[in-house]
Amino acid sequence: MYINITDSATANNKGSSGALVNYLEKENKVAAQQKPENWFNHLRQDIEPYEVSRSLDSNVTKLCRDDAKFFLINISPSQKELRYLQEQFGEEGVKSHLKAYTEKVMDEYAKNFKRPGINSASDLLWFAKVEHYRYYGHKDKEVLEGTKKRGERKEGEQMHIQVIVSRKDRTNKLKLSPMNTSKGKNAEHSKKLGQFNRVAFKQSGEGLFDQLFGFERNLKDTMAYANILKNANLLQRGQLDRLVHRTTGYPAFQKEAKGLATEIRNDHYKSTDQGNFNIGTLIGGFLEVLFETPFVPGAGEIPDEPAKRKKKKKRQDQGMHL
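Residues numbered from 1 in each chain as written. Predicted model: local features only at pLDDT ≥ 70, side-chain atom pairs only at ≥ 80, totals over all residues. Heavy atoms only, no water.

**Considerations on the overall build of the protein**
Right, so step 1: A tally of helices and strands in the protein yields 11 helices and six strands.
Right, so step 2: Long-range pairs, those at least 24 residues apart, make up 68% of the contacts in the protein between residues at least 6 apart in sequence.
Right, so step 3: When the accessible surface of the protein is summed, it comes to about 18700 Å², and 50% of that surface belongs to carbon and sulfur atoms. (Helix = DSSP H or I, 4+ residues; strand = E, 2+ residues; numbered from the N terminus. Contact = heavy atoms within 4.5 Å. Areas by Shrake-Rupley, 256 points an atom, 1.4 Å probe, with all protein chains shown as cover.)

**Some remarks on helix α4 (residues 79-111)**
Right, so step 1: Taking 1.5 Å of rise per residue, the 33 residues of α4 would be expected to cover 48 Å, yet its terminal C-alpha atoms sit only 28 Å apart, more than 12% below that figure.
Right, so step 2: Of all the bends found along α4, the most pronounced is centred on Phe89 and spans about 115°. (Expected span 1.5 Å × (residues − 1). Bend = angle between axes of the 7 residues up to and from the residue.)

**Regarding the pattern of salt bridges**
Right, so step 1: Going through the model one piece at a time under the given rule, you end up with 10 salt bridges.
Right, so step 2: Across the pair Lys80 and Asp221 runs a salt bridge whose closest N-O atoms are separated by 2.9 Å. Residue Lys80 is located in helix α4, and its partner Asp221 is located in the loop between α7 (198-213) and α8 (223-231); the two are separated by 141 residues in the primary sequence.
Right, so step 3: Its relative accessible area of 38% is what places Lys80 among the partly exposed residues.
Right, so step 4: Classification of Asp221 by relative accessible area gives partly exposed; the value is 32%. (Salt bridge = Lys/Arg side-chain N within 4 Å of Asp/Glu carboxyl O. Buried < 20%, exposed > 50% of the residue type's maximum accessible area, 1.4 Å probe, protein only.)

**Looking at the packing of α4 against α7**
Right, so step 1: With their axes 10 Å apart at the nearest point, α4 and α7 run at an angle of 135° to one another. Classified by the angle between their axes, α4 and α7 sit oblique to one another. In the crossing of α4 with α7, the sense of the turn from one axis to the other is right-handed. Of α7, the residues touching α4 (which contributes Glu81, Tyr84, Leu85, Phe89, His97, Tyr101, Lys104, Val105, Glu108 and Tyr109) are Phe201, Ser204, Gly205, Glu206, Leu208, Phe209, Leu212 and Phe213.
Right, so step 2: Of the residues assigned to the contact of α4 with α7, the class counts are 11 nonpolar, three polar and four charged. (Axes fitted to C-alpha atoms, helices over the stretch in contact; angles between N-to-C directions. Parallel < 35°, antiparallel > 145°, perpendicular 65-115°, else oblique. Left-handed = near helix turned anticlockwise from the far one by under 90°. Nonpolar A, V, L, I, M, F, W, Y, C, P; charged D, E, K, R; others polar.)

**Quick look at the confidence of the model for the protein**
Right, so step 1: When pLDDT is averaged along the protein, the result is 79, and 72% of the positions lie at 70 or above.
Right, so step 2: For residues 272-312, every residue scores under 50 in pLDDT, and the model assigns this stretch 59 contacts once sequence neighbours within four places are set aside. (pLDDT = per-residue confidence, 0-100.)

**Notes on the side chain of Thr222**
Right, so step 1: If you trace the backbone, Thr222 turns up in the loop between α7 and α8.
Right, so step 2: Overall, the relative accessible area of 5% leaves Thr222 in the buried class.
Right, so step 3: Beyond its immediate stretch of four places on either side in the chain, Thr222 contacts Glu206, Arg217 and Lys258.

**Focus: the side chain of Glu206**
Right, so step 1: Tracing the backbone through its elements, the reader meets Glu206 in helix α7.
Right, so step 2: For the buried Glu206, no salt bridge is present, and the opposite-charge side chain at shortest range is Arg217, 4.1 Å distant.
Right, so step 3: In this structure Glu206 touches Met1, Tyr101, Arg217, Asp221, Thr222 and Met223, once residues within four positions along its chain are discounted. (Lys, Arg positive; Asp, Glu negative; His and termini not counted.)

**Thoughts on the environment of Met106**
Right, so step 1: Tracing the backbone shows Met106 in helix α4.
Right, so step 2: For Met106, a relative accessible area of 0% translates into the label buried.
Right, so step 3: The spatial distance from the C-alpha of Met106 to the C-alpha of Asn119 is 9.9 Å, given a sequence separation of 13 residues.
Right, so step 4: Apart from residues lying up to four places away in sequence, Met106 is in contact with Ile73, Ser120, Ala121, Leu124, Trp126, Val163 and Val165.

**Regarding the sheet that holds strand β3 (residues 124-131)**
Right, so step 1: Ordered in space as β1-β2-β4-β3, the four strands form an open sheet in which the pairing is antiparallel. Taken across any chain shown, the strands that pair with only one partner, and hence form the sheet edges, are β1 (2-5) and β3. Direction aside, neighbouring strands of the sheet carry axes that sit 15° apart on average.
Right, so step 2: By the bridge criterion, six bridges tie strand β2 (residues 70-76) to strand β4 (residues 160-169) in an arrangement that is antiparallel. In the strand pairing of β4, Phe70 is matched with Ser166. (Pairing = 2+ DSSP bridges.)

This is how it looks when you write it as structure tokens:
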């Protein structure tokens, strides 16, 4: 599950939402053979484009000219997740279930601000739309290698959801920015904008999908796994390698393994002393997974064995002097 919030630095979200709403109508314009996709939210399933832009553009009280007025959230299930939904609910059922899932994702978006009165999707002003296709862009590997052209439709299942959410809450009183990076360090700033953790929000969307649809996600398919490979230090990558090695071939332990991967990503385990993890029950007994971190120079403690050899050598030297 890929969930992304478009940064105001790369999106034209400081003015009217009309241009974005019009752009997201592209499939309705080019795919005349299929039934047009209406906008939806927690209240309605038949919202017209003009209603979306009008509502968003009028919900900007006390926002300055250079302030972001809205944010775009992309909710993109993987092809594996889409195939699973098709198996569970059929071709027609996938869309309705993804819409219900989107509302719950917006519940998590609201809760993540940790602000009184902002508790669910109903406290936000937001509009979402189903899209069926994706197209190759100039940064895609296939375009760079010349095997595909920019603008060509991508293969496979590509259904996803685009959500536009107002910077202001539904009452047009509170400012809510998911781009706030203070994480509580600046109390006054957090009080005004909310304390939003984008990683936690994306993680909640993944867990929500698994819980809602009974999807069994492997460790290597988790956001925590991908995040560690992309952003973590050598110590954390070593811990992840050990976790993968010790749990491969034990499907029953995948839930615990995913939880441990999240802890690794959060840099919870600082040294090799914190390395023993009980991750489940096997044939009536407990399987203890030794999760000691490989020694990384400068990143952890010195392994015990060299220290023992050094101590033994010292005793031998003392014996010679006697």
